[in-house]
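Secondary and tertiary structure notes
What follows is each chain in one-letter form.
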Amino acid sequence: MNSKRLKIAVVCSSNQNRSMEAHSFLSKKGFNVSSFGTGNHVKLPGSSSDKPNIYSFDTTYDEMYKDLYTRDPNLYTQNGILHMLDRNRRIKPKPEQFQKSTEKFHLIITCEERVYDEIIAELNRRALTETYCFPTHVINIDIMDNHEDATIGAFMICDICTLIEKIDDIDCDIEDIILGFEKKSRREILHDVFFA
């Protein structure tokens, strides 16, 4: 399957770190990619672990950047949040919530099992109300939510997307790709297919 035809979504909780790092990397490699979050709101680290910065999905990356820069430019520069938001605002205006999207994808890659479960629930909900069925493969690759692991995760996501785009029949051959990828990466990969 050609990468221009393979529609990919990468999903984490807040559409900030893991999904956006993969979105950036896949875009540079020529993939047709979108990214989303599944949370009720966007959470970014704050001055302490019990004081996160919380924004709605309607808040632009630029607004978040300016808000945090105003609050404490040293803290948010040192912890990499301003750099991350700067990258994000160069990719798209604001985070997007998967549940509000009407796009259909050949492949949805989630970055943690909880997000995978939320995507599965959403696709099941959609299957009850939609008449046109479109096959969507959902894959989970667990990625820790920090800058270093997000970068490593983006490489892994690109690797599996590259393997999948080379196969002629995604529906028949994806299991072999996943099994080989699990062996190579030494990670368990969750996979399911939906018609929604």
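So, the overall build of the protein chain
Regarding its fold elements, the protein chain presents seven helices and seven strands. Sequence-ordered secondary structure for the protein chain, helices as α and strands as β, is β-α-β-β-β-α-α-α-β-α-β-α-α-β. Computed over its C-alpha atoms, the radius of gyration of the protein chain comes to 17 Å, within 12% of the 16 Å expected for a compact globule of 196 residues. Dimensions along the principal axes, computed over C-alpha positions, put the protein chain at roughly 50 × 40 × 30 Å. Put simply, the protein chain has 196 residues, and 49% of those count as buried. Sequence-distant contacts in the protein chain: of pairs separated by 6 or more residues, those separated by 24 or more amount to 73%. Here the protein chain displays about 10,100 Å² of accessible surface, and carbon together with sulfur accounts for 50% of that area. Of the side chains in the protein chain, 25 bear a positive and 31 a negative charge, and the two mean positions are spaced by 5 Å.

Focus on the sheet that holds strand 1 (residues 7–12)
Strand order in the open sheet formed by five strands is 2-1-5-6-7, and the pairing between neighbours is mixed. If you trace the sheet from one side to the other, it starts and ends with strand 2 (32–37) and strand 7 (190–195), each paired once. Averaged over all adjacent pairs, the angle separating strand axes in this sheet is 20°, with direction ignored. Seen against the sheet, helix 5 (residues 113–129) touches strand 1, strand 5 (107–110), strand 6 (135–140) and strand 7 and runs at an angle of roughly 15° to strand 7.

Let's talk about helix 7 (residues 170–185)
A turn of α-helix holds 3.6 residues, and therefore any two residues three or four places apart point the same way. Burial in helix 7 covers these residues: Ile170, Ile174, Ile177, Ile178 and Phe181. Axial view of helix 7: buried residues confined to an arc of 105°, hence all on one face. Residues of helix 7 that are exposed and point more than 90 degrees away from the buried face comprise Cys172, Asp176, Leu179 and Lys183. Residues of helix 7 that are buried sit in contact with strand 6, helix 6 (147–166) and strand 7. The N-terminus of helix 7 is capped by Asp169, whose side-chain oxygen sits 3.1 Å from the backbone nitrogen of Asp171.

Examining unusual backbone geometry
At Asn15, a residue that is not glycine, the phi angle is positive and equals roughly 55°. Structurally, the position occupied by Asn15 is in the loop between strand 1 and helix 1 (18–28). Accessibility expressed as a relative area gives 0% for Asn15, which makes it buried.

Some thoughts on the packing of aromatic side chains
Tallied over the entire structure, the rule returns four aromatic pairs. For the pair Phe25 and Phe155, a centre-to-centre distance of 4.5 Å together with 50° between the ring planes defines the contact as tilted. Here Phe25, found in helix 1, pairs with Phe155, found in helix 6; they are 130 residues apart in sequence, far enough to count as distant. Here Phe25 falls in the buried class, since its relative accessible area comes to 18%. Seen from their ring centres, Phe36 and Phe105 are 5.8 Å apart, and the 75° between their planes marks the pair as edge-to-face. One end of the pair, Phe36, is in strand 2; the other, Phe105, is in the loop between helix 4 (81–91) and strand 5, and 69 residues separate them in sequence.

Describing the nonpolar core
The biggest cluster of nonpolar side chains holds 29 residues, and the ones touching the most others in it are Ile8, Leu26, Ile139, Ile141, Ile157, Ile160 and Ile164. At the level of secondary structure, the elements contributing two or more residues to this core comprise strand 1, helix 1, strand 5, helix 6 and helix 7. Here this core gets seven residues from one element, more than from any other, and that element is helix 6. Not counting residues within four places of it along the chain, the set of residues in contact with Ile139 comprises Leu107, Ile108, Ile109, Thr110, Tyr116, Ile160, Ile164, Ile174, Ile178, Ile189, Leu190 and His191. Judged by nonpolar contacts, the second largest core, of 14 residues, contains Val42, Leu44, Tyr61 and Leu68.

Side note on helix 5
Spanning 17 residues, helix 5 covers 25 Å between terminal C-alpha atoms, matching the ideal 24 Å at 1.5 Å per step. Among the residues of helix 5, Val115, Tyr116, Ile119, Ile120, Glu122, Leu123 and Arg126 are the ones counted as buried. Considered in projection along helix 5, the buried side chains sweep an arc of 165° and stay on one side of the axis. Lining the buried residues of helix 5 we find strand 1, strand 5, strand 6 and strand 7.

Reading the values: the criteria
- Residues numbered from 1 in each chain as written.
- Predicted model: local features only at pLDDT ≥ 70, side-chain atom pairs only at ≥ 80, totals over all residues.
- Heavy atoms only, no water.
- Helix = DSSP H or I, 4+ residues; strand = E, 2+ residues; numbered from the N terminus.
- Rg over C-alpha atoms; globule rule 2.2 N^0.38 Å.
- Buried < 20%, exposed > 50% of the residue type's maximum accessible area, 1.4 Å probe, protein only.
- Contact = heavy atoms within 4.5 Å.
- Areas by Shrake-Rupley, 256 points an atom, 1.4 Å probe, with all protein chains shown as cover.
- Lys, Arg positive; Asp, Glu negative; His and termini not counted.
- Charge placed at Lys NZ, Arg CZ, Asp CG, Glu CD.
- Pairing = 2+ DSSP bridges.
- Axes fitted to C-alpha atoms, helices over the stretch in contact; angles between N-to-C directions.
- Arc of directions from axis to C-beta.
- Polar contact = N/O pair within 3.5 Å; in protein donor to acceptor, adjacent residues only side chain to side chain.
- Phe/Tyr/Trp six-rings, centres within 6.5 Å; stacked < 30°, edge-to-face > 60°.
- Core = buried A, V, L, I, M, F, W, Y, C linked by side-chain atoms within 4.5 Å.
- Expected span 1.5 Å × (residues − 1).

What is shown is where atoms sit, not what they do.
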